[in-house]
Amino acid sequence: MLSDTDYARLRWRARRGLLENDLVFERLFKRRGAGWSEDEHAQLLRLLELDDVLLWDLIAGRSDDWPEGTAEMVALLRETLRNP
Amino acid sequence: MALAIHKYDAVVIGAGGAGMRCSLQLARAGLKVAVLSKVFPTRSHTVAAQGGIGAALGNMDEDNWHYHFYDTVKGSDWLGDQDAIEFMCREAPKVVYDLEHMGMPFDRNPDGTIYQRPFGGHSAKYGEKPVPRACAAADRTGHAMLHTLYQQNVRSNTIFYVEWMAQDLIRDAEGDVVGVTALEMETGELAIFHAKCVLLATGGAGRIFAASTNAYINTGDGLGMAARAGIPLEDMEFWQFHPTGVHNAGVLLTEGCRGEGGILRNKHGERFMERYAPKLKDLAPRDFVSRCMDQEIKEGRGCGPNGDYIALDLTHLGAETIMKRLPSVHEIGKNFANVDVIREPIPVVPTIHYQMGGIPTNIHGQVVVPKDGNPNTVVPGLYAIGECSCVSVHGANRLGTNSLLDLLVFGRAAGNHLIETALASKAWKPLPADAADRTRERIARLDASTSGEYAQDVANDLRQTMQKHAGVFRTQASMDEGVKRVMEIDERARHIALKDKSKVFNTARIEALEVANLMEAAKATMVSAAARKESRGAHTVNDYGDTPEFPLGRNDRDWLRHTLWYSEGNRLDYKPVNLKPLTVESIPPVKRTF
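Here the residue numbering is sequential within each chain, running from 1 through the sequence in written order. Here every chain gets a letter starting at A, and every ligand a number starting at 1, in the order they are written. pLDDT decides what is reported in this predicted model: residues at 70 or higher carry local features, side-chain atom pairs at 80 or more are listed and counted, and totals for whole chains, interfaces and linings draw on all residues regardless. Side-chain numbers come from the whole structure's heavy atoms, not from hydrogens or water.

A.B. asks: Please give an account of the interface of chain B and chain A that cites residues and values.
C.D. replies: Contact criterion: two residues are considered in contact whenever any of their non-hydrogen atoms come within 4.5 Å of each other. Taken together, the 37 residues of chain B in the interface contact 27 residues of chain A. Only one rule defines a salt bridge in this text: a Lys or Arg side-chain nitrogen within 4 Å of an Asp or Glu carboxyl oxygen. Across the contact surface, chain B and chain A share five salt bridges. Between Arg62(A) and Glu331(B) there is a salt bridge, with its nearest N and O atoms 3.6 Å apart. Polar contact is the term for a pair of N or O atoms within 3.5 Å; when the atoms are in protein, one must be able to donate a hydrogen and the other to accept it, and sequence-neighboring residues count only if both atoms are side-chain atoms. Taken together, the links from chain B to chain A amount to 15 residue pairs in polar contact (both at pLDDT 80 or more). Secondary structure elements are defined from DSSP: runs of H or I of at least 4 residues count as helices, runs of E of at least 2 residues count as strands, and each element is numbered from the N terminus. Sorting the residues of the side of chain B that touches chain A by element identifies helix 4 (141-155), helix 10 (327-336) and helix 15 (507-531) of chain B as the ones contributing at least two each. With seven residues, the single largest contributor to the side of chain B that touches chain A is helix 10 of chain B. Three categories are distinguished: nonpolar for Ala, Val, Leu, Ile, Met, Phe, Trp, Tyr, Cys and Pro, charged for Asp, Glu, Lys and Arg, and polar for the others, with Gly belonging to the last. Its residues assigned to classes, the side of chain B that touches chain A comprises 15 nonpolar, twelve polar and ten charged.

Structure (structure tokens):
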């Protein structure tokens, strides 16, 4: 479980330039809230450092070129996209 | 406690295309420039722009800036200022080549020139035939542009303050803008940015509507700052609906879909745009196409079980063209509509997309207000550029690809004007003693709140209200009712409660401060819309239909003028439209048909 501050920071960084990404992260946080392990948290932060278009490419399955160690989170985001 | 004071020649609020084009110009001239942004610069909403940048390069077919000028004036339904439109269209090739020289990866023709695609409303020979004018980087033009500008800014030593939210303009006793207050999210601390000039480049306020293509960050922060500082907002009743938002999702399908040959069909499979716009067909301007779609749906020819959407058909383009020219459309279809656009049409509806109005400026980006009988008196020290501004090149309806062009032309023009007026050698005006009082009071009120509603509940009600009363289908009665509803929500917004009073990364506080900005944009929109008793461009009101005296409901006799809404007193004023271009003959108002 993340601290309130870590969760707030994570959610803010999930505010994106592309509505598509906003919608997917909104679905994700609605499901999981602040319940993330340290490793999952680290994966999310790494993915959120990506530019919107590259992030959307990964989520939409157009690219498999995810940052090392983030495969599990990419899979979760894809699943979130496919099953709203 | 004394606040930290950061001192810069220029402070730019917002790190999208306009902000970074301007900061680049200033930083290259050796000025000390800070850019404040709520999010990392390359995650600004400019990233979402897909279609291209309009510029009459004539790489594909005969074209020149006069045709672009004509299309833009006509597209604006004659509410655009013709001096600003001429300036923009003449500067267009320059800013595109400038970007090309910075490394922007434009699509190319076999001969190496920039590839240009057709786009809605772009014509040659004054409306005679469509012309390819959009310069694009696949369907990721905004993304490529932001990266190019960010890299150039880093190289030129622009200082970025990321995850900082600007709060209030600081004006001295003479009304000059001498700085801005801003909140650092990481610490929750307030600071003062003392500057010789402040440039607002905060984008639009598309999140005042429930169905919007805009990202969640588009909360109209610059509009709120300007309104609270006594500066009017211009022509806020004009909001563009993009014809092709995905039904039930809002996600945008680029106009490039229609540029590449996509066809809108009703439930009978009819290409209905042939009836409404025999020349331009599906490539007619956005407001026109949106209204035609709305009419098809209202008259029972919409698609689907509820007859509430239109089908965008790309199937005849073939997989190769779709995957090469419109790859993101394929992805969006799959993920937000469960449709493979190669094989079947995708459901679309007109969706809020772009704010034509904003903070009034001249062609140098200087903010202007009525004073002593002059409707365009400069506010010293304050500029506004991009979607948050109203120069006004878009008038009552923006032509596709003129948004990225606007960012580049006026971002660069504002920078050039500051350089030419010798900003570097000017002294800083002193900060007033009460520089941060307004912001401190706003934050203290939130921190002291013990009961009240949550910011998001108020914001959601506001969005639903705006959607219902200021959407694509407007009636006078509904708009009048909308004014009452919005003012009730404004009262509720004054009593928003903060449950979490912590300082470090308190996003609840940030969201409450954003709601204050959304409210200003929404009030300006609703009040301005209810007061405009005609149909023009994107502001189409059922009560003001087509008559011999007022074709298509447009009343040039009484309403060929710009609206100015003031937050203080929730009052309106008006100023004339500039029908006089800089060097060419004026294009007089005529009935707008395609």
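A.B. asks: Would you mind going over the sheet that holds strand 15 (residues 310-313) of chain B in detail, with residue names and values included?
C.D. replies: Residues and elements named next belong to chain B. Two strands pair if DSSP finds at least two bridges between them. Overall, antiparallel pairing links the four strands, which are arranged 13-16-15-14 in an open sheet. This sheet does not close on itself; its edge strands, each paired only once, are strand 13 (239-246) and strand 14 (263-265). For this sheet the average axis-to-axis angle between neighbouring strands, irrespective of direction, equals 45°. Sheet topology places strand 15 next to strand 16 (residues 346-355); three bridges connect them, and they run antiparallel. Along strand 16, the bridge assignment pairs alanine 311 with proline 347. To define axes, lines are fitted to C-alpha atoms, for helices over the stretch in contact only, and angles between the resulting N-to-C directions are given on a 0 to 180 degree scale.

A.B. asks: So what's going on with empty space enclosed by the protein? Residues and values would help.
C.D. replies: In the cavity and pocket records, a cavity denotes points on a 1 Å grid over the protein atoms alone where a 1.4 Å probe fits but cannot get out, a pocket denotes an open set with protein on both sides within 12 Å along at least 5 of 7 lines, and lining residues are residues with an atom within 4 Å of a point. Grid points are joined across faces, edges and corners, and a volume is the space filled by probe spheres set on the points. The tally for this structure, following the rule as stated, stands at five cavities of 30 Å³ or more. Size it by volume and the second largest cavity reaches roughly 120 Å³. Together, Leu18(A), Glu20(A), Val53(A), Trp56(A), Val47(B), Ala48(B), Ala49(B), Gln50(B), Asp139(B), Arg140(B), Ser328(B) and Ile332(B) line the second largest cavity. Elements with a minimum of two residues in the lining of the second largest cavity: helix 4 (52-60) of chain A together with helix 10 of chain B.

A.B. asks: Please provide a residue-by-residue account of the environment of Arg228(B), values included.
C.D. replies: All names here are of chain B. Examined against the element boundaries, arginine 228 turns out to sit in helix 5 (residues 221-228). The class of arginine 228 is buried, set by a relative accessible area of 14%. A sequence separation of 289 residues divides arginine 228 from asparagine 517, and the C-alpha atoms of the two residues are 9.1 Å apart. Excluding residues within four positions of it along the chain, arginine 228 makes contact with Gln167, Asp168, Arg438, Arg442, Ala516, Asn517 and Glu520. Partly exposed residues are those whose accessible area sits between 20% and 50% of the maximum for their type, while under 20% is buried and over 50% is exposed, using a 1.4 Å probe and protein chains only.

A.B. asks: If you had to explain the packing of aromatic side chains to someone new, which residues and values would you point to?
C.D. replies: The description of an aromatic ring pair uses the distance of the two centres, along with the angle that the planes make with each other. When two rings of Phe, Tyr or Trp (its six-membered ring) have centres within 6.5 Å they constitute a pair, described as stacked for plane angles under 30 degrees, edge-to-face for angles over 60, and tilted for the intermediate range. Within this structure, the stated rule accounts for 18 aromatic pairs over all chains. An aromatic cluster is defined as three or more aromatic residues linked by ring pairs; in this entry it consists of Tyr7(A), Phe25(A), Phe29(A) and Trp36(A). Any Lys NZ or Arg CZ that is within 6 Å of a ring centre and within 35 degrees of that ring's normal is treated as a charge sitting over the ring. Above the ring of Trp36(A), the side-chain terminus of Arg32(A) is found at 4.1 Å from the ring centroid. The cationic tip of Lys7(B) hangs over the ring face of Trp428(B); the distance from NZ or CZ to the ring centre is 4.7 Å.

A.B. asks: Quick rundown of the layout of surface pockets? Include the residues and the values.
C.D. replies: In this approach, a probe sized like a water molecule rolls over the atoms, and the result shows the empty space that is left. Of the pockets and cavities examined, the largest pocket occupies roughly 1500 Å³. Of all the secondary structure elements, the ones that give two or more residues to the lining of the largest pocket are helix 1 (4-13) and helix 2 (19-32) of chain A together with helix 13 (455-470) and helix 15 of chain B. In this model, the second largest pocket occupies a volume close to 670 Å³. Taken together, 24 residues form the lining of the second largest pocket, with Arg228(B), Arg442(B), Arg445(B), Arg494(B) and Ala516(B) sitting closest to its centre.

A.B. asks: Describe the side chain of Ser478(B), and please don't skip the residues or the numbers.
C.D. replies: Residue and element names in this part refer to chain B. Along the polypeptide, serine 478 turns up in helix 14 (residues 476-493). With a relative accessible area of 18%, serine 478 lands in the buried category. Apart from the residues within four sequence positions on either side, serine 478 is in contact with Lys468 and His469.

A.B. asks: Break down the nonpolar core for me, citing the residues and quoting the values.
C.D. replies: Grouped together as the largest cluster of nonpolar side chains are 119 residues, with contacts concentrated most on Phe25(A), Ile53(B), Leu199(B) and Met273(B). Here this core gets ten residues from one element, more than from any other, and that element is helix 3 (residues 82-102) of chain B. Residues belong to a common nonpolar core when they are buried Ala, Val, Leu, Ile, Met, Phe, Trp, Tyr or Cys residues joined through side-chain atoms within 4.5 Å. Listed in part, the 83 residues of the second largest apolar core include Leu169(B), Ala455(B), Ala530(B) and Tyr544(B).

A.B. asks: Explain the pattern of salt bridges to me, and be specific about the residues and the numbers.
C.D. replies: Residue and element names in this part refer to chain B. Inspection of the entire model under this criterion finds 61 salt bridges over all chains. Taking the shortest distance from any N to any O, the salt bridge between glutamate 534 and arginine 536 comes out at 2.8 Å. Assessed through its relative accessible area of 0%, glutamate 534 is described here as buried. With relative accessibility at 1%, the residue arginine 536 sits in the buried group. With a closest N to O distance of 2.8 Å, aspartate 556 and arginine 536 form a salt bridge.

A.B. asks: Describe the packing of helix 14 of chain B against helix 15 of chain B, listing the residues and the values that go with them.
C.D. replies: Residue and element names in this part refer to chain B. The N-to-C vectors of helix 14 and helix 15 enclose an angle of 155°; their axes lie 9 Å apart at closest approach. Of the possible angle classes, the one that applies to helix 14 and helix 15 is roughly antiparallel. Crossing handedness for the pair helix 14 and helix 15: left-handed. Residue-level inspection shows Gln476, Met479, Asp480, Gly482, Val483, Val486, Met487, Ile489, Asp490 and Ala493 of helix 14 in contact with helix 15, the latter providing Val515, Met519, Ala522, Lys523, Met526, Val527, Ala529 and Ala530. The residue inventory of the contact of helix 14 with helix 15, partitioned by class, reads 13 nonpolar, two polar and three charged. For classification purposes, angles smaller than 35 degrees are called roughly parallel, those larger than 145 roughly antiparallel, those between 65 and 115 roughly perpendicular, and all remaining angles oblique. It is the rotation of the near helix from the far one that decides the hand of a crossing: anticlockwise by less than a right angle makes it left-handed, clockwise makes it right-handed.

A.B. asks: Residues and numbers for the confidence of the model for chain B, please.
C.D. replies: Per-residue confidence from the predictor is reported as pLDDT, which spans 0 to 100. The predicted model of chain B has a mean per-residue pLDDT of 94, with 100% of residues at 70 or higher. Scored by ipTM, the complex comes to 0.96, with pTM at 0.93.

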